[in-house]
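Structural characterization, general
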Amino acid sequence: MPRFRVLIEGSGLEVPGDFAGVPSQTVRGFFVARVVNAPDRKQAGDRVLAIVADDWRKGRYASLGLSPALRIAQVRPASLLEWLRPKRTGYAFHPGQ
């Protein structure tokens, strides 16, 4: 089964100051990339959207009570290095516009 790297953009957050390593600024969004096995690009994107949404509903960010708007920013075949790396779970938060 092919492996894909999916980049998700989250927006619509309003988390003030010192959250997730963004000092003294309001966090308004994030990017997150995941590598998944899927038969095609569409299913890869859908799978990662579900994983990220779960993280905000009942995972480590559930206590914030936020539901960011999620969109697929990019889906491409994963490189050999990307699918050999250990599973990544981080987010890149930003202050946005």
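A brief look at the structure comes next. (Residues numbered from 1 in each chain as written. Predicted model: local features only at pLDDT ≥ 70, side-chain atom pairs only at ≥ 80, totals over all residues. Heavy atoms only, no water.)

Here we look at the overall build of the chain
Each helix and strand in the chain was counted, giving two helices and four strands. The helix and strand sequence of the chain, counted from the amino end, reads β-β-α-β-α-β. If one aligns the C-alpha atoms of the chain with their principal axes, the spans along those axes are about 40 × 25 × 25 Å. Within the chain, the fraction of its 97 residues that count as buried is 33%. For the chain, restricting intrachain contacts to residue pairs at least 6 apart in sequence, the fraction spanning at least 24 positions comes to 71%. When the accessible surface of the chain is summed, it comes to about 5,900 Å², and 54% of that surface belongs to carbon and sulfur atoms. The positive charge centre, built from 15 side chains, and the negative charge centre, built from 8, are 6 Å apart in the chain. (Helix = DSSP H or I, 4+ residues; strand = E, 2+ residues; numbered from the N terminus. Buried < 20%, exposed > 50% of the residue type's maximum accessible area, 1.4 Å probe, protein only. Contact = heavy atoms within 4.5 Å. Areas by Shrake-Rupley, 256 points an atom, 1.4 Å probe, with all protein chains shown as cover. Lys, Arg positive; Asp, Glu negative; His and termini not counted. Charge placed at Lys NZ, Arg CZ, Asp CG, Glu CD.)

Let's talk about the nonpolar core
Nonpolar side chains tend to gather and get buried jointly when the protein is soluble and globular. In terms of nonpolar packing, the biggest core is built from 18 residues, with Val6, Phe30, Ala44, Val52, Trp56, Tyr91 and Phe93 touching the most fellow members. Going through the elements one at a time, β1 (3–15), β2 (27–37) and α1 (41–57) are the ones with two or more residues in this core. When residues of this core are assigned to their parent elements, the largest contribution, five residues, is made by β1. (Core = buried A, V, L, I, M, F, W, Y, C linked by side-chain atoms within 4.5 Å.)

What to know about the side chain of Glu9
If you trace the backbone, Glu9 turns up in strand β1. Separated by 2.9 Å, the side chains of Glu9 and Arg71 make a polar contact. Contacts of Glu9, omitting those with residues within four sequence positions, involve Phe30, Phe31, Ala69, Leu70 and Arg71. (Polar contact = N/O pair within 3.5 Å; in protein donor to acceptor, adjacent residues only side chain to side chain.)

Describing the sheet that holds β1
Here we have four strands laid out as an open sheet, ordered β3-β1-β2-β4, and antiparallel in their pairing. With one partner strand each, in any of the chains shown, β3 (69–77) and β4 (92–94) form the two edges of the open sheet. Strand-to-strand, the axes of this sheet are offset by a mean angle of 20 degrees, without reference to chain direction. In this sheet, β2 lies alongside β1 in antiparallel orientation, the contact comprising ten bridges. Residue pairing in the sheet places Glu9 in a bridge with Phe31 of β2. (Pairing = 2+ DSSP bridges. Axes fitted to C-alpha atoms, helices over the stretch in contact; angles between N-to-C directions.)

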